[in-house]
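Chain by chain, the residues:
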Amino acid sequence: MTLVGWLQILLFFGLVLAVTKPLGAYLFQVFEGPVRPLPRVLGPVERLLLKLCGVDARREQTWVRYALSLLAFSLVSVLLLYGVQRLQHVLPLNPQHLPAVEPALAFNTAVSFTTNTNWQSYAGESTLSHLTQMVGLTWQNFVSAAVGMGVALALARGLTRRPGPEGQKTLGDFWVDLVRGLLYVLLPLCVVYALFLVSQGVPQTLAPSLELTTREGMKQTVALGPVASQEAIKMLGTNGGGFFNANSAHPFENPTPLTNLVQMLSIFALPAALTSTYGKMARDTKQGWVLFAAMSVLFFAGVTAAYAAESQANPALAAARVVSEGNLEGKEVRFGVAASALFATVTTAASCGAVNAMHDSFTALGGLVPLLNIQLGEVIFGGVGAGLYGILVMGVLAVFIAGLMVGRTPEYLGKKIEAKEMKLAMLYVLIFPLLILGLAAVAAVLPAGVSSLHNAGPHGLSEILYAYTSGTGNNGSAFAGLNANTPFWNITLGLAMLAGRFLMIVPVLALAGAMVGKKTVAPGPGTFPTEGALFAGLLVSVVLIVGALTFFPALSLGPLVEHYLGQAGKVF
C-alpha cells in the first residue's frame with residue numbers, strides 16, 4: 001500500500017461527505033417539502049404526468065396499496081423488457097442486425113434490470129441493439145432506482161411520522177414518489193452527468209460499429225452506441241449494467257482517472273444523501289449521521305482489507321520469485337491497484353455491480369471483500385433506497401437487542417418495537433441467506449450447475465456463491481470464471497433476483513405500515529439513545545454478527561480455504 005493510494009481513497013470519501021448534506025436536503029425538498037424545486041418549470045410537468053396516470057398527489061396509500069402498485073408496475077416492466085428483447089430483430093435502431101434474444105436469457109435480463117440488479121449473462125455490444133439498450137435497459141435503470149427510493153421513503157415515513165388524532169395509516173403514494181424521483185432527481189442529474197462523460201471521450205451516437213484497419217493490415221471492429229446516457233444512470237442509479245462487456249474497465253465507458261473518480265462518487269452519492277434526508281424527516285439530523293457513520297465504518301474496513309490484499313503479489317508469481325507491484329492480474333494499468341480495490345469495494349458496498357477490474361482475478365482475500373460486502377445485506381450505503389431501508393431494518397434489530405439488555409420494550413424514535421415488527425424484520429433478514437445458500441447448494445451438486453465452472457476446488461465454490469450472492473443482493477457483479485449464460489443459470493439467477501428484490505421489499509413496507517400508526521412516547525430513563533456513537537457501534541456489530549453467523553461456514557470453504565492453499569503453493 002502506498003501514500004498515493006490512500007490519498008485517492010481519502011479524496012473519494014471526502015467528496016462523498018461533501019455532497020451528502022446538500023444533496024440530502026435537496027431530496028427532502030423533492031419528496032417531503034411543501035414546495036418542490038423549480039415549481040414553475042417542473043411543476044406543470046409533474047401535474048401533467050400524474051394526471052395522465054390518474055393519480056391525485058393529495059391522496060396517499062396504505063402499505064398494502066403501495067406494495068400492490070409497486071409489484072404491478074414491476075411485473076409490467078418485466079414483460080415489456082422481455083418483449084423488446086424477443087422482438088429486437090424486427091425493431092428499428094438495430095444497425096448490427098442482431099437477432100432476437102433467446103427466451104431464457106431474455107427472461108434473466110428483463111428480471112435483472114427491473115430489480116436494479118443488472119446482472120449480465122451476455123456481451124452488450126454483440127447481443128442487444130441500440131433500441132433495446134436505450135428503450136429497454138436505460139429506462140429500467142431509471143425506474144428501478146426510483147422504485148428503490150420510494151420504498152426507502154415509505155419506511156422512513158413509517159418510522160418518523162407522528163400520528164394524528166385517528167392515527168396515521170398512509171405512507172405516501174407510489175406513483176407520486178416514482179414520478180418525483182424521475183423528474184426532479186434522476187433525469188436532471190443524469191443530463192449533466194452524461195454531458196460530462198461525453199466531454200471526457202465517452203461515445204454518444206446512434207451510428208453503427210466502425211470497421212477499421214490496423215497498421216498490420218488486420219480488420220478491427222470498434223463498437224459504438226449511446227453509451228454516455230446509459231453510463232450516467234448506470235452509476236447514479238447504482239444499476240451497474242455496462243453497455244460493453246468489459247463494463248467500466250472499457251475505455252469507452254470509463255476513459256480517464258477523472259471519470260473513474262466521478263463514477264465512484266456517483267455510486268455513493270444518492271445512498272449517502274438519503275441518510276441525511278432521513279435525519280431531516282426524523283426532525284433530528286443526528287439520526288441520519290449515525291446511519292452514515294455506521295456505513296462509513298463498514299466501508300473503511302472493507303476498502304482497507306481489499307487494498308491490503310491486492311497490494312500483495314499473486315501467490316503463483318511469488319512462488320516463482322517474480323517481482324510484482326501488487327496483484328495486477330485483471331486490472332487496468334491506467335487505474336492501478338488502489339483505484340481498482342476502491343472501485344470493487346464501492347460497487348459492492350453500494351449494490352451497483354459496475355466493475356473496472358475483474359473480481360475473479362483478485363486474490364482470495366481481495367475477492368472475499370466484495371463478496372462479504374453484498375452478504376452483509378446491502379447496508380454499506382447500499383443501492384439507491386435499498387441501502388437506507390436495509391440499514392433501518394438493522395437499526396430496528398439493534399434497538400430490540402438494546403431493549404432486551406435493559407429489560408424493557410424497545411423504542412425507536414419514540415415508537416415501541418413489538419412482536420409484529422420483529423417478525424417482519426427477521427423475515428427480511430432470513431430471506432436473504434436462505435436464497436443464497438439454498439440455491440448455491442443446489443448448483444454445487446447438479447451437473448447443470450458445475451458444468452459452467454472454469455475453476456475447480458474452493459475458487460469454483462466461490463464463483464457459485466458469488467453468483468447467487470450478487471443476484472439475490474441485486475448487485476450484478478460476478479466472478480467471471482462462471483459461464484452463466486445457460487438455461488439453468490439464467491432461470492435460477494432470475495428467480496434469485498426476483499425473490500431478493502420483492503420478497504424483501506414487501507416485509508419492509510409491512511414494517512412501515514405497522515410503525516406508521518403507532519403513538520410516540522416520551523423518552524424515559526430506560527430509553528436507548530439512537531443518535532450517538534453507542535448506537536452506531538451496536539448497529540455495526542449487529543450487521544457483522546448477522547452476516548458472520550450466516551455466511552462464515554460457506555466463506556470458510558471458499559475464499560478462506562483458497563487463501564491458505566495459495567500460501568501453501570496450491571493455486572486454483
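Going along each chain's sequence as written, the residues are numbered from 1 onward. Restriction of local features to residues with pLDDT of at least 70 applies here, the model being predicted, together with a cutoff of 80 or more for giving and counting side-chain atom pairs; totals for whole chains, interfaces and linings are based on all residues. The side-chain figures draw on all heavy atoms in the structure; neither hydrogens nor water molecules are used.

Caption draft 1: Representation of unusual backbone geometry in the model. Here the phi dihedral of Leu 93 falls at roughly 55 degrees; this positive angle occurs in a residue that is not glycine. Structurally, the position occupied by Leu 93 is in the loop between helix 3 (63–87) and helix 4 (103–114). Categorising residues by exposure relies on relative accessible area from a 1.4 Å probe, with only protein chains included: less than 20% of the type maximum marks a residue as buried, more than 50% marks it as exposed, and the intermediate range marks it as partly exposed. Using a relative accessible area of 34% as the deciding quantity, one classes Leu 93 as partly exposed. Phi at Asn 247 takes a positive value of approximately 55 degrees, unusual for a residue other than glycine. Numbering of helices and strands runs from the N terminus; a helix is a DSSP stretch of H or I covering at least four residues, while a strand is a stretch of E covering at least two. Inspection of the secondary structure puts Asn 247 in the loop between helix 8 (227–236) and helix 9 (257–281).

Caption draft 2: Main features of the packing of helix 12 (residues 336–349) against helix 13 (residues 364–375). Between helix 12 and helix 13, the least distance of the axes is 8 Å, while the angle of their chain directions is 15 degrees. As summarised for this structure, helix 12 and helix 13 are arranged roughly parallel, according to the angle between their axes. Every pair of crossing elements has a handedness; the one defined by helix 12 and helix 13 is right-handed. Within the contact between the two elements, helix 12 uses Ala 344, Thr 345, Thr 348 and Ala 349 and helix 13 uses Val 369, Pro 370, Asn 373 and Ile 374. Gly counts as polar in this scheme, as do all residues outside two lists: the nonpolar Ala, Val, Leu, Ile, Met, Phe, Trp, Tyr, Cys and Pro, and the charged Asp, Glu, Lys and Arg. Residue composition of the contact of helix 12 with helix 13, grouped by class: 5 nonpolar, 3 polar and no charged. Helix axes are fitted only over the stretch in contact, all axes being lines through C-alpha atoms; the angle between N-to-C directions runs from 0 to 180 degrees. Throughout, the term roughly parallel applies to angles under 35 degrees, roughly antiparallel to angles over 145, roughly perpendicular to angles from 65 to 115, and oblique to all others. Here is the rule for handedness: rotate from the far helix to the near one, and if that takes an anticlockwise turn smaller than a right angle the crossing is left-handed, while a clockwise turn gives right-handed. The contact definition used throughout considers only heavy atoms, calling two residues in contact when any of these lie within 4.5 Å.

Caption draft 3: Looking closely at a nonpolar patch on the surface. Without a salt bridge and with relative accessible area above 30%, a residue can belong to a patch; like charges are then joined within 9 Å and nonpolar side chains (Val, Leu, Ile, Met, Phe, Trp, Tyr) within 5 Å. The accessible surface values rely on the Shrake-Rupley method and a 1.4 Å probe; as for residues, cover is taken only from the protein chains in view. A carboxyl oxygen of Asp or Glu within 4 Å of a side-chain nitrogen of Lys or Arg is what we treat as a salt bridge. Among the surface-exposed residues, Val 45, Leu 48, Leu 49 and Leu 52 lie close enough to one another that they form a single nonpolar patch of about 360 Å² accessible area. Relative to the helices and strands, Leu 52 is located in helix 2 (residues 42–52).

Caption draft 4: Spatial organisation of empty space enclosed by the protein. Using protein atoms alone on a 1 Å grid, points that fit a 1.4 Å probe yet trap it form a cavity, whereas open point sets bounded by protein on both sides within 12 Å along at least five of seven lines form a pocket; residues with an atom within 4 Å of a point count as lining. Grid points are joined across faces, edges and corners, and a volume is the space filled by probe spheres set on the points. This model, assessed by the stated rule, comprises 5 cavities of 30 Å³ or more. Each pocket or cavity is described by its volume, and for the largest cavity that value is around 120 Å³. For the lining of the largest cavity, the elements supplying multiple residues, two or more each, are helix 15 (419–445) and helix 19 (533–567). Along the lines of polarity and charge, the residues of the lining of the largest cavity split into 10 nonpolar, 4 polar and no charged.

Caption draft 5: Region of the structure containing the pattern of salt bridges. A complete count under the given rule lists 13 salt bridges for this structure. Of the charged contacts, one joins Arg 334 and Glu 332 as a salt bridge, the two residues approaching to 2.5 Å between their closest N and O atoms. Overall, Glu 332 belongs to the partly exposed group, its relative accessible area being 28%. Across the pair Lys 518 and Glu 418 runs a salt bridge, and its minimum N-O distance is 2.5 Å. One end of the pair, Lys 518, is in the loop between helix 18 (487–516) and helix 19; the other, Glu 418, is in the loop between strand 4 (415–416) and helix 15, and 100 residues separate them in sequence. Residues joined in a network through salt bridges with shared partners are Glu 32, Arg 157 and Asp 177.

Caption draft 6: View of helix 7 (residues 174–199). Under the convention used throughout, the expected extent of a helix is 1.5 Å for every residue step, that is, one less than its residue count. Between the first and last C-alpha of helix 7 there are 36 Å, a value that for 26 residues agrees with the 38 Å anticipated at 1.5 Å per step. Bend at a residue means the angle formed by two fitted axes: the first through the 7 residues ending at that position, the second through the 7 residues beginning there. Along its length, helix 7 shows its largest kink, about 35 degrees, at Leu 182. Counted as a polar contact is a pair of N or O atoms within 3.5 Å, where, for protein atoms, one must be capable of donating a hydrogen and the other of accepting one, and residues adjacent in sequence contribute only when both atoms are in side chains. Where helix 7 begins, one side-chain oxygen reaches toward the backbone nitrogen of Trp 175, 2.8 Å away; that side chain belongs to Asp 173.

Caption draft 7: Representation of the environment of Lys 169 within the structure. Mapped onto the elements, Lys 169 comes out in the loop between helix 6 (130–160) and helix 7. Judged by relative accessible area, Lys 169 falls into the exposed class, the value being 53%. Ignoring sequence-local partners within four residues, the contact set of Lys 169 consists of Thr 62, Val 516 and Gly 517.

Caption draft 8: Representation of the packing of aromatic side chains. Ring geometry is summarised as follows: Phe, Tyr and Trp rings, the Trp one being its six-membered ring, pair when their centres sit within 6.5 Å, and such pairs are stacked at plane angles under 30 degrees, edge-to-face over 60 and tilted between the two. If you walk through the whole model with that rule in mind, you get 23 aromatic pairs. Geometrically, the ring pair formed by Trp 6 and Tyr 307 is edge-to-face, given 5.8 Å between the ring centres and 65 degrees between the ring planes. Separated by 301 residues along the polypeptide, Trp 6 in helix 1 (residues 3–31) and Tyr 307 in helix 10 (residues 285–310) bring together distant segments of the chain. With relative accessibility at 24%, the residue Trp 6 sits in the partly exposed group. An aromatic cluster is defined as three or more aromatic residues linked by ring pairs; in this entry it consists of Phe 12, Phe 13, Phe 268, Trp 289, Phe 292, Phe 299, Phe 300 and Phe 381. Any Lys NZ or Arg CZ found within 6 Å of a ring centre and within 35 degrees of that ring's normal is scored as a charge over the ring. Taking the ring centre of Phe 28 as reference, the NZ or CZ of Lys 280 above it sits at 5.4 Å. Sitting above the plane of the Phe 362 ring, Lys 331 keeps its charged end 4.3 Å from the centroid.

Caption draft 9: How the structure looks around the pairing of strand 2 (residues 219–222). When DSSP finds two or more bridges between a pair of strands, those strands are recorded as paired. In terms of strand pairing, strand 1 (residues 210–213) meets strand 2 through 4 bridges, oriented antiparallel. Counterpart to Glu 211 in the pairing with strand 2 is Thr 221. What sits between the antiparallel neighbours strand 1 and strand 2 is a turn of 5 residues, in which Gly 217 has the positive phi angle 85 degrees.

Caption draft 10: Region of interest: the side chain of Glu 253. For Glu 253, the location among the structural elements is in the loop between helix 8 and helix 9. Reaching out from Glu 253, the side chain makes a polar contact with the backbone nitrogen of Phe 243 at a distance of 2.7 Å. When near neighbours in sequence (up to four residues on either side) are disregarded, Glu 253 contacts Val 202, Val 227, Glu 231, Lys 234, Gly 242, Phe 243, Phe 244, Asn 247, Ser 248 and Gln 263.

All quantities given are derived from atomic positions and should not be read as evidence of function.
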